[in-house]
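Structure at a glance
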Amino acid sequence: MSYPRRPVYLLYGTQHDRILQARDEILKMLLLPETRNENLTEYVPSGASATVQFSDVFGEIAGDLSTLSFIAEAPKCVVVTNPAELMDGSRRGGRTTRRKAGGGDKKDPIEAISHWIEHELPGTGHHLMLLFFEDEAAGREVQAGGLLYETIGRVGFFQQFGDTKAIFRIEDALLQRNATALFTAIDDLWKPGSGDQAVYNAIVRALRFMMQANIARDRRALRDPA
């Protein structure tokens, strides 16, 4: 598919191969082949961490994208994989600072990043791309509606690559009494050390809702039997 030219991109979801394919297509559109090596910078998780603290590298990224390229009309692009701040679903507003110990104000990191993306990045002529490889079993997911997510939606482009979440498919399979679909969804979610609890929580939650619905129906508390 063709992608629009925007200052910031967010590609996320569980279909990791499609995310990488979209990444390559966008980079091909944004960067000149002869300047790609010089004008492309990537930040990826290191060590045992599955995410990158965007706030830790933000100063370096902002400084890099605020400078001109060596070759005129050759934009730069920074790619950050799994920025942890995208898992923050809080929506801050109004006050943009918080009080530091010892006096003085300090801007919240997510607010500072969001403000820079919306008000400063577009004027640089350069581009920022955020990739997020979701892992439902590990609880590593983008929180739609968060401040950073909404900022990207206003000035950039984002696309999700993924199927219906396994937790929702578990609930549907229980409601439909479909054992095959249930075990398929469980197999997609289950991972040693983390997925077992996620599967347990999903089934308990679905059964709790079904019991509540049955109680309400028996008491004729609902107009709609469904």
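Residues numbered from 1 in each chain as written. Predicted model: local features only at pLDDT ≥ 70, side-chain atom pairs only at ≥ 80, totals over all residues. Heavy atoms only, no water.

1. Side note on the overall build of the protein chain
The criterion, for reference: By the criteria applied, helices consist of DSSP H or I runs no shorter than four residues and strands consist of E runs no shorter than two, each listed in order from the N terminus. Only heavy atoms matter for contacts: two residues are in contact if any of them lie within 4.5 Å across the pair. Per-residue accessibility takes into account occlusion by the displayed protein chains alone, with areas from the Shrake-Rupley method and a 1.4 Å probe.
Scanning the protein chain from N- to C-terminus turns up 9 helices and 7 strands. Of all intrachain contacts in the protein chain linking residues separated by at least 6 positions in sequence, the fraction that spans at least 24 positions is 71%. For the protein chain, the computed accessible surface area is about 13300 Å², with 51% contributed by carbon and sulfur atoms.

2. What about the packing of helix 7 (residues 166-176) against helix 8 (residues 179-189)?
Applicable threshold: For helices, the axis comes from a line fit to the C-alpha atoms of the stretch in contact; other axes are also lines fit to C-alpha atoms, and the angle between any two N-to-C directions lies between 0 and 180 degrees. Every angle not falling under 35 degrees, over 145, or within 65 to 115 is termed oblique; those three ranges are roughly parallel, roughly antiparallel and roughly perpendicular. Each crossing gets its hand from how the near helix is turned against the far one by less than a right angle, where anticlockwise is left-handed and clockwise is right-handed. Gly counts as polar in this scheme, as do all residues outside two lists: the nonpolar Ala, Val, Leu, Ile, Met, Phe, Trp, Tyr, Cys and Pro, and the charged Asp, Glu, Lys and Arg.
For the pair helix 7 and helix 8, interaxial distance at closest approach is 8 Å and the crossing angle is 160°. Taken together, the axes of helix 7 and helix 8 are roughly antiparallel relative to one another. The hand of the helix 7/helix 8 crossing is left-handed. The segment helix 7 lies against helix 8, with A166, I167, R169, I170, A173 and L174 engaging A181, L182, A185, I186, D188 and L189. In terms of residue class, the contact of helix 7 with helix 8 is made up of 10 nonpolar, no polar and 2 charged.

3. Some words on unusual backbone geometry
Apart from glycine, the bulk of residues carry a negative phi angle, and the bulk of peptide bonds sit in the trans form. The phi dihedral of N82 falls on the positive side, at around 55°, and the residue is not glycine. Looking at the element boundaries, N82 is found in the loop between strand 3 (77-81) and strand 4 (97-99). Even without being glycine, R177 reaches a positive phi, approximately 55°. Residue placement: R177 occurs in the loop between helix 7 and helix 8.

4. Details of the packing of helix 3 (residues 54-65) against helix 4 (residues 109-119)
Two numbers describe how helix 3 lies on helix 4: the axes approach to 10 Å, and their chain directions differ by 25°. What the angle tells us is that helix 3 and helix 4 run roughly parallel. For helix 3 against helix 4, the interelement crossing comes out left-handed. Residue-level inspection shows F54, S55, F58, I61, A62 and L65 of helix 3 in contact with helix 4, the latter providing P109, A112, I113 and W116.

5. Re helix 3
Going by this rule: Each residue is placed in one exposure class: buried if its accessible area under a 1.4 Å probe, protein chains only, is under 20% of its type's maximum, exposed if it is over 50%, and partly exposed if it falls in between. Each direction from the helix axis to a C-beta atom contributes to the arc, which is the arc of those directions.
Listed in full, the buried residues belonging to helix 3 are F54, V57, F58, I61, A62 and L65. The buried residues of helix 3 occupy one face: seen down the axis, they fall within an arc of 150°. Counted as exposed and oriented over 90 degrees from the buried face of helix 3: D56, G59 and E60.

6. Side note on the side chain of D108
What counts here: Throughout this description, a polar contact denotes any pair of N or O atoms lying within 3.5 Å of each other; where both atoms belong to protein, one of them has to be capable of donating a hydrogen while the other can accept it, and for residues adjacent in sequence the pair is counted only when both atoms sit in side chains.
Along the polypeptide, D108 turns up in the loop between strand 5 (105-107) and helix 4. At a separation of 2.9 Å, a polar atom in the side chain of D108 contacts the main-chain amide nitrogen of I110.

7. Looking at the packing of aromatic side chains
Operational definition: Two rings belonging to Phe, Tyr or Trp (six-membered ring only in the last case) form a pair when the distance between their centres is within 6.5 Å. Interplanar angles under 30 degrees mark stacking, angles over 60 mark edge-to-face geometry, and anything in between is tilted.
Enumeration according to the criterion identifies 6 aromatic pairs in this entry. Taking the centre distance of 6.0 Å and the plane angle of 80° together, the rings of Y12 and Y149 count as edge-to-face. Taken together, the residues span a long stretch of sequence, with Y12 in strand 1 (residues 8-13) and Y149 in helix 6 (residues 147-155) at a distance of 137 residues. Taking the relative accessible area as the measure of exposure, Y12 reaches 5% and is therefore buried. Overall, the relative accessible area of 12% leaves Y149 in the buried class. A ring pair is formed by Y149 and F158, whose centres lie 4.7 Å apart and whose planes are at 45°; its orientation type is tilted. Here the aromatic residues Y3, Y9 and F157 are joined through ring pairs into a cluster of three or more.

8. Side note on the sheet that holds strand 3
Our working rule: In this description, strands pair whenever DSSP reports at least two bridges between them.
Across the sheet, 5 strands lie side by side as 2-3-6-1-7; this open sheet has parallel pairing. Each edge of the open sheet is held by one strand with a lone partner, namely strand 2 (40-43) and strand 7 (157-161). Each adjacent strand pair in this sheet contributes to an overall mean axis angle of 15°, direction not counted. One ladder, built from 6 bridges, connects strand 1 with strand 6 (residues 127-133); its direction is parallel. Looking at strand 6, one finds that Y9 is bridged to M129. Along the sheet, helix 3 makes contact with strand 2, strand 3 and strand 6, crossing strand 3 at roughly 170°.

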